[in-house]
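Topology and contacts: notes
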Amino acid sequence: MNKVVLKLGGTIMALFLIVLLPLGYVANQIFTNFYYSQVQEDIEDLSHKFALTITSLEDEDFTSMFKTLADLTNKEILIIDPDGKVIVNSGVQNPTLSKEDIKQLSGGKPLQKRFDNSNRGSSYLGSGHPIIQSNTFKGVFFVLAPINDIQEPVGKIRDLLLLSAVGALFLALGFTFVLSKKMSDPLLEMEQATREISKGNLDTRVDISSGDELGSLGKAINDLAFETNRYRSNRREFFANVSHELRTPISYLKGYSQVLKQGLYQTEQERLQYLNIIENETDRMVRLINDLFELSKMEEGKIELQMSNLNLAEVLETSFFKVKIEIEKKGLTLKGQIDNGVPDIEADGIRMEQIFTNLLANALRYTKKGSIHVDVWHEEDHVHVIIEDTGVGIPEGELPLIFERFHRVEKSRSRDLGGTGLGLAIVKNLVELQHGEISVSSQVGTGTRFELRFPVAGKEAT
Ligand code: ADP
């Protein structure tokens, strides 16, 4: 038996007893009182009537008629003369009246009295009325009911009450057991599931579909397992990617430094070429490590943004300047269409520039001929930026994946062009940190279009 069942069961039973015991007591009292007063009324009524009807205390026929009448209702009668002497007695043992009793009765007042028999035999509840004839007190007429006769039905009712209380108690016990099991079984199942999950069995699921709090706790555990599982496979994939990304430049570094060390080159030009490769690969590693560091800071929410009101046209100007020479070298054209009076947005200038430089660098990297087009305009509460190129494009199936870390459409091309595979992941993170949104559309062989949207300063959703 587990603790929840005990606690819950104990509480329900205690509540049950708290309600049932006083209720039983009160019911018992009500029945007893009701019965007693019923009998009391009966004997009072009878003794009154008999006291009024009796005409002669000596006439035996008359008194035996009263005895028969009383007998019919299982009552006893007593007729007592004004001195307290019993004249007629249908069967009560040693009935005695005190002087006070006689005094009260001779004064015309009826008397309720309990006749207890100390030896054996029954006790009686009696009601006496004075017999008054021609204004003279002639005696007392008592009608008595055996107490046993009253207690018997009361006892029966008490037994019935007790029986139903025991029945209810067993019913409550059964109900408590079923209820607490119903509550504790899912809890135990969830406990087991969480233990399994904490052991690393992340495919464990809780099978509880009730719509109550237990159901939502079960769902929360399942969600936790799902998220942890996803996190674990993400982490695995991430480490595999990082080691793969580092392995390539390191093997270049090792190979070419060995070549140089062993003097395996013919000309000075060849030697310089190898040194260049070593330098480029080292640069790539530095870039990769910087990007990784940056991304991990962002994902842990540890990046600090210097937010201020920014004019996007000015930021783009700086980014253009950085890629301009490269663009011209490649024979591409850079066209900008920036609306006048675009409102400020609230963002970090350096981070915003990083976003555009990254996107422009990608456009440059994946475009052989044609142009790179930048559009900036504003619509209602948002400033829109479009960076579009006439490059190789991205297949439709790849579009949802390109913002993921290390996802590259063509690994070797990206690598040859100096990409780390982290650029767009960083861009997306930075955009979202500054309350913006980014989307992409593309057509293979025609070009790619990135669209960004930032809220106008002061209109950010809270
Ligand atoms: P990388 O360092 O490889 O460029 P990114 O995260 O910047 O990494 O981009 C992810 C991938 O998305 C790239 O490898 C490339 O395949 C694709 N991509 C990004 N920008 C463009 C673009 N303008 N044109 C075509 N493909 C692109």
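Residues numbered from 1 in each chain as written. Predicted model: local features only at pLDDT ≥ 70, side-chain atom pairs only at ≥ 80, totals over all residues. Heavy atoms only, no water.

In the annotation of an unreviewed UniProt entry, the entry for the protein reads histidine kinase, and the organism field reads Halobacillus amylolyticus. Here is the UniProt Subcellular location (unreviewed entry) comment for the protein, exactly as written: "Cell membrane". Under the UniProt heading Catalytic activity (unreviewed entry), the entry covering the protein gives this text: "ATP + protein L-histidine = ADP + protein N-phospho-L-histidine." (UniProt positions renumbered as here; feature names shortened; annotations may be inferred.)

Focus on the site of the ligand
Close contacts around the ligand come from 21 residues, with Arg365, Ser414, Thr420, Gly421 and Leu424 the closest. At a separation of 3.3 Å, an oxygen atom of the ligand approaches a polar backbone atom of Gly423. Within the side chain of Thr448, an N or O atom sits 3.3 Å from a nitrogen atom of the ligand. Of all the secondary structure elements, the ones that give two or more residues to the shell around the ligand are helix H8 (349-365), helix H10 (423-433) and strand S12 (447-455). Counting residues per element, the shell around the ligand draws most heavily on H8, at three residues. Within the shell around the ligand, the residues separate by chemical class into nine nonpolar, nine polar and three charged. (Near = heavy atom within 4 Å. Polar contact = N/O pair within 3.5 Å; in protein donor to acceptor, adjacent residues only side chain to side chain. Helix = DSSP H or I, 4+ residues; strand = E, 2+ residues; numbered from the N terminus. Nonpolar A, V, L, I, M, F, W, Y, C, P; charged D, E, K, R; others polar.)

Things to note about the environment of Glu189
Considering the arrangement of structural elements, one finds Glu189 in helix H4 (residues 147-198). The spacing of Glu189 and Asn280 is 91 residues in sequence and 57 Å in space, taken between C-alpha atoms. Setting aside chain neighbours within four positions, we find Glu189 in contact with Val206, Asp207 and Ile208. (Contact = heavy atoms within 4.5 Å.)

Remarks on the UniProt feature "domain: HAMP" (unreviewed entry) in the protein
Under the UniProt annotation, "domain: HAMP" (unreviewed entry) lies at residues 181-233. For residues 181-233, the helix share is 74%, the strand share is 0%, and the end-to-end C-alpha distance is 37 Å.

Brief notes about the sheet that holds strand S10 (residues 382-389)
Spatially, five strands are ordered S7-S9-S10-S12-S11 in an open sheet, and the strand pairing comes out mixed. This sheet does not close on itself; its edge strands, each paired only once, are strand S7 (333-338) and strand S11 (437-443). Across the sheet, the mean angle from the axis of one strand to that of its neighbour is 10 degrees, orientation sign disregarded. Contacting S7, strand S9 (371-379), S10 and S12, helix H7 (residues 312-329) crosses the sheet at an angle of about 175 degrees to S7. Packed onto the sheet, H10 meets S11 and S12 and runs at close to 140 degrees relative to S11. (Pairing = 2+ DSSP bridges. Axes fitted to C-alpha atoms, helices over the stretch in contact; angles between N-to-C directions.)

Thoughts on unusual backbone geometry
The phi torsion at Asn135 lies on the positive side, around 60 degrees, for a residue other than glycine. As for its placement among the helices and strands, Asn135 is situated in the loop between strand S4 (124-133) and strand S5 (136-146). Classification of Asn135 as exposed rests on a relative accessible area of 79%. (Buried < 20%, exposed > 50% of the residue type's maximum accessible area, 1.4 Å probe, protein only.)

Structural notes on H4
For H4, which comprises 52 residues, the first-to-last C-alpha distance of 73 Å matches the rise-based estimate of 76 Å (1.5 Å per residue) to within 8%. In the stretch just after H4, Gly200 is the one whose phi turns positive, near 105 degrees. (Expected span 1.5 Å × (residues − 1).)

Thoughts on the pairing of S9
Pairing of S7 with S9 involves six bridges; the strand directions are parallel. Following the sheet pairing, Leu334 is matched in S9 by Ile372. Pairing geometry for S9 and S10, over eight bridges, is antiparallel. Within S10, the position partnered with His378 by the bridge is Val383. Between S9 and the antiparallel strand that follows it, S10, lie two residues; Glu380 among them carries a positive phi value of about 50 degrees.

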